[in-house]
Amino acid sequence: MQFTYGIVFGLFLLILRPVVAQPSVSLQGKEIPQLFTPHENPFGFSHIQWGMKWMDYLLKFDCETFPVLSATGEGAALHQDKNVFFLSGSVGGKIQRKVSVPYGSAIFIPILTYFNHYPCPYPGFEPAPGQSMKSFLQQGGANFIDSAIHLQLIIDGHPCDDLKLYRYTTDVFYPQFNPALVCIDICITTGPQPSVLDGYWVILKPLAKGEHFVYFHAEVPEKGMVVDVGYIIQIE
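**With respect to the side chain of histidine 217**
Here is step 1: Within the secondary structure, histidine 217 is located in strand β11 (residues 210-220).
Here is step 2: A distance of 2.7 Å separates polar atoms of two side chains, one belonging to histidine 217 and the other to aspartate 228.

Rendered as structure tokens:
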């Protein structure tokens, strides 16, 4: 099944020295939020690898606690990485959540993503004759993400430009699904499944202590999808 975990959800990995995150710097007493650049490796992992780690995080939940469906952000602290705190998007509509993030943690922001995995009991959901599984799954993601417009990311009132530079597509990977999630995705099985994640995501460098606000937005008119998510973030 195709899951749109956007705001909600080529392959070229540069081998760089691990990046040690530092809190965002202050300019004339006012903090300026900073993103890791697309080719930096926060805490030793590429942005593509962090995208896969984000999916591993999401797939640990069940239907009642699934962060993408949360209207408040309650329970988001479960299953978090020690270095990067994962935010979640939505399946559409306007949402505002509130979370607490440990001081010194970077923050993963999924502006718009599309998660595609196989098999699925939908008619015709099969690779074409001679088509590789990688090509099949990536094509499904690209068909959705290529149509995205009006991408926005605003952090503490500062708009982030050049978001098109943060488009990523993973290779095929094999996350472990929580079988309980079959209630929202009938394509989930009891074992790892070949999967691909496509979309726009960024990693925000650690923020200063106190309250911050992150807002992200995207539209996919062909699918009638508008996602609009805000996070009140308390750094402590």
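Read on for the rest.
**Re the nonpolar core**
Here is step 1: Judged by nonpolar contacts, the single largest core of 59 residues is most densely connected at Leu87, Ile107, Ile109, Leu153, Val214 and Ile233.
Here is step 2: Among the elements that line this core, the one with the most residues is strand β6 (residues 106-117), at 8 residues.
Here is step 3: With residues near it in sequence (within four places) discarded, isoleucine 107 still touches Val84, Phe85, Leu87, Val101, Val202, Ile203, Leu204, Leu207, Ile233 and Ile235.

**Quick notes on the pairing of strand β10 (residues 195-204)**
Here is step 1: In terms of residue burial, β10 counts as a mostly covered element, since 10 of its 10 residues are buried.
Here is step 2: Of the strand pairs in this sheet, strand β9 (residues 167-169) and β10 are connected by 3 bridges, and their pairing is antiparallel. Bridge pairing in β10 places tyrosine 168 opposite glycine 199.

The rules behind each value
In every chain, residue numbers begin from 1 and rise along the written sequence. Under the rules for a predicted model, residues below a pLDDT of 70 receive no local features and side-chain atom pairs below 80 are neither given nor counted, while totals for whole chains, interfaces and linings still include all residues. Excluding hydrogens and water, the side-chain figures rest on all heavy atoms present in the structure. Helix numbering and strand numbering both begin at the N terminus, where a helix is a DSSP run of H or I of at least 4 residues and a strand a DSSP run of E of at least 2. Residues adjacent in sequence count toward polar contacts only when both atoms are side-chain atoms; beyond that, a polar contact is any pair of N or O atoms within 3.5 Å, and within protein one must be able to donate a hydrogen and the other to accept it. In this description, a nonpolar core means a group of buried Ala, Val, Leu, Ile, Met, Phe, Trp, Tyr and Cys residues linked to one another through side-chain atoms lying within 4.5 Å. Working definition: with a 1.4 Å probe on protein chains only, accessible area under 20% of the residue-type maximum means buried, over 50% means exposed, and in between means partly exposed. Residue contacts are defined here by distance: any two heavy atoms, one from each residue, within 4.5 Å place the two residues in contact. Between any two strands, at least two bridges found by DSSP are needed for them to pair.

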